[in-house]
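# Analysis of the macromolecular model
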Amino acid sequence: MIALGARVGLRSLQRRSVHAAAGAKTTKLFINGEFGESQASTWLDVVNPATQELVTRVPQSTAHELEAAAASAQAAFGEWRRTSALARQRKMLDLQQAIRDKTDVLARSIVEEQGKVLGDARGDVMRGLQVVEDMASITHYMQGTRLAVAADMETYTVREPLGVVAGICPFNFPAMIPLWMFPVALATGNTCVLKPSERDPGAAMLLAQLCNDVGIPRGVLNVVHGARETVDFLTADARVRAVSFVGGDRAGRHIYERATQHGKRCQANLGAKNHAIVLPDANKEQALNAITGAAFGAAGQRCMALSVAVFVGGAQAWIDEVVDRARALRVDGGLEPGADVGPMITREALARAERLVQSASDEGARIALDGRGVRPAKYPRGNFLGPTVIDRATPAMQCYREEIFGPVLVCLRADSLDDALALVNANPYGNGASIFTRSGASAAKFQADVEAGQVGINVPIPVPLPMFSFTGNKASFLGDTNFYGRSGVSFYTQLKTVTSLWSKADADDRQATVHMPTIH
Ligand code: NAD
C-alpha cells in the first residue's frame, strides 16, 4: 500500500491537472513489488502526439511515496547483493525472454505515448533487449583478478555492488534507455529506483511488470514518477549511491552537479549535434540513403540522429538529391502502414523546431525543403513536422548552434576534408560523427582526428552494441564511466582488494612481529 504523501508543487509544468480525472487511466507507481495508485495532488497528462487524445495521467509522486521507494530499495539490497552472480544471470535470461515475448506490446505502447513509427518502436525495444542479453554474461563481467604477491600471500579483487542506484530517463527511447540502466544495475547486485520520462512512462511500467513476472524480488526495482521534485529527491537522498541520467543539457547539468555535490557517482548523457562528412568519392546512393534515414528517422528525436551533413567539394551537388529522398518519406501516424516519420513529442517541441527553421531563413540560409505545416489527412491535430532540409547554413547560425531534436537536416559546405574536420571538431558536442567515403586513407584520417566519441565509417548512427559502451564525449557527456558494457558494470560496482596470508607453516607461527609489514 502506498501511503498518503505531502503535497508537492509543480509550477514549471505546463500540462497538468490538479486531480486525476474520474475514470481517466492513471500510471501506477511500482514500489516494493506492488503497483499502486499514487496519492498525488498533481497529475501530468500524457497525450498521444499524433491525435492529442489523453492516454494516461502520470502522478508527481509525493514525498512519502519517494521515501517509500528509496526505503524499499534499501531494504531489498541486503538480500539481493548476496544472491550469486549465477542467480542474477538466470534472472537476466528470463527477463530477456519475457521482453522478447512482449516486444509488440511494448512497441505499441511506445507508438501511442511517444509517436515513433511501429518498426522504429520495435527497434527501441530490441536495442534495450540487447543490454539485457549482454547482462546474461554477468558471470564474466564480475570476475576479479588474483595474484600471489609473496610466499603464502595473495591479493585478489572482488567486484561489489554500490547499493541503491537511481535512473532518470528521457522521452525519446522509452524502452531502450531504462534498459541501459536497471538491468546493468540489477545484474551487478544493486537495487534501483527508476524514474521514466513523465511524457511516456508506459514502456517502463511494462518492463517493471515483466521483472515482477520473472520473479525479481520485491524492492529490487522500483518505479516512481514526476519531474523536478522527483529528480531532486533522487539526487540528494543519502541512500542513493549513484545516478544515471540521459536527457537534455539543462536537466543533465543540474542533475550531475547536484548528485556529485551529494557525494554520488553520476553518469549523464546529454544533448548532441551529430555530423556526417560526405566526400565526393563516397558511394552516393548508400551515403544519401543513410543520411536521409538517420536525419529523419524517429522524427529526428534521437540523440544520435544525424542532424548536420557537411558536403565536401563535388559532393555539394548532391544536396538536392537528399531533398528528393526526404520529400519521398511518408509523414503519418506511427501505426499507419508505410509511415516513415511520426509526430514530435509535444506541441512545444514542434513550435521550437519551427522557430529554429524560421531563424535559419531569417539568418540567410536556404530552406531547401520546408516541412512546416505538413499534416497527414488522418491526423490533423498531430505534432507533425515534415522532413526539413536547411542548406547553406553556417556555424554561426542558431539552427546549427542549438540541438533542434526534430526532423531537420542542417547542411554545410566545405572545400576539403581538413576544413570539414575542423568544423566538426569546433562543435562543442561529441556524441557521434560519421564519414562517407570509399577512401581508406580519408577514413583513417577521420577516425584518428575527429573528436566525437562514436565514429561511423559509412555507418550513419554508430551506436555501439552493449558488449561495447556508449561513448559520447565533450559536451554530450558528464562523468567518466559510460553506459552499459564493461564501463556500465564499472559504474555500478566498486572493487575491493583482499590480501590474505595462509601460511603453509599453518597455525604455529612462533613469533609475533612488531614491524610494519613489507612485501618482497
Ligand atoms: P529532458 O532533459 O527534458 O528530460 C530528461 C529527464 O530529466 C526527464 O526524466 C525529466 O523529468 C527530467 N528533467 C527535465 N527537466 C528537468 C529539470 N529542470 N530539473 C530536473 N529534472 C528535469 O530531456 P528529454 O526532452 O526527455 O530528452 C531529449 C534530450 O535527451 C535531447 O537533448 C537528447 O539529445 C538527449 N538524449 C541524449 C542521449 C545520449 O545518450 N546522449 C540519449 C537520448 C536522449
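Computed from a predicted structure; not experimentally measured.

### A few points about the domain arrangement of the protein chain
- When its domains are assigned, the protein chain resolves into domain 1 (26–270 + 476–498) and domain 2 (274–457).
- For domain 1 versus domain 2, the separation of C-alpha centres amounts to 31 Å.
- Domain 1 puts 20 residues into the contact, and the matching count from domain 2 is 24 residues.
- Counting every contact that joins domain 1 to domain 2 gives 1 salt bridge.
- Asp 120 is the partner of Arg 302 in a salt bridge, and the nearest nitrogen-oxygen pair spans 2.8 Å.

### Side note on the packing of helix α2 (residues 85–101) against helix α7 (residues 202–213)
- Across the interface, α2 lies against α7 with an axial gap of 9 Å and an inter-helix angle of 130 degrees. Compared by their axis directions, α2 and α7 come out oblique. Note on packing geometry: the crossing formed by α2 with α7 is right-handed. Contacts from Leu 95, Ala 98 and Ile 99 in α2 reach Leu 207, Leu 210 and Cys 211 in α7.
- Grouping the constituent residues of the contact of α2 with α7 by class yields 6 nonpolar, no polar and no charged.

### Concerning the pairing of strand β5 (residues 54–59)
- β5 sits mainly inside the fold: 5 of its 6 residues count as buried.
- In this sheet, β5 lies alongside strand β4 (residues 43–47) in antiparallel orientation, the contact comprising 5 bridges. Across the sheet, residue Leu 44 finds its bridge partner in β5, namely Val 58.

### Some words on the site of the ligand
- Of all residues adjacent to the ligand, which total 28 residues, the nearest are Cys 169, Lys 195, Glu 198, Leu 270 and Glu 403.
- Lys 195 places a polar side-chain atom, nitrogen or oxygen, 2.8 Å from an oxygen atom of the ligand.
- The separation between a nitrogen atom of the ligand and a polar main-chain atom of Leu 270 is 2.8 Å.
- Alone, the ligand offers 840 Å² of accessible surface; in the complex the protein occludes 89% of this.
- Counting only elements with at least two residues in the shell around the ligand, the list comes to α6 (176–187), α8 (228–234), β11 (240–246) and α9 (249–261).
- Across the shell around the ligand, the residue classes tally to 15 nonpolar, 8 polar and 5 charged.
- Lining the shell around the ligand are residues from two domains, each supplying at least three of them: domain 1 (26–270 + 476–498) and domain 2 (274–457).

Criteria and cut-off values
- Residues numbered from 1 in each chain as written.
- Predicted model: local features only at pLDDT ≥ 70, side-chain atom pairs only at ≥ 80, totals over all residues.
- Heavy atoms only, no water.
- Domains from an automatic or database assignment.
- Contact = heavy atoms within 4.5 Å.
- Salt bridge = Lys/Arg side-chain N within 4 Å of Asp/Glu carboxyl O.
- Axes fitted to C-alpha atoms, helices over the stretch in contact; angles between N-to-C directions.
- Helix = DSSP H or I, 4+ residues; strand = E, 2+ residues; numbered from the N terminus.
- Parallel < 35°, antiparallel > 145°, perpendicular 65-115°, else oblique.
- Left-handed = near helix turned anticlockwise from the far one by under 90°.
- Nonpolar A, V, L, I, M, F, W, Y, C, P; charged D, E, K, R; others polar.
- Buried < 20%, exposed > 50% of the residue type's maximum accessible area, 1.4 Å probe, protein only.
- Pairing = 2+ DSSP bridges.
- Near = heavy atom within 4 Å.
- Polar contact = N/O pair within 3.5 Å; in protein donor to acceptor, adjacent residues only side chain to side chain.
- Areas by Shrake-Rupley, 256 points an atom, 1.4 Å probe, with all protein chains shown as cover.

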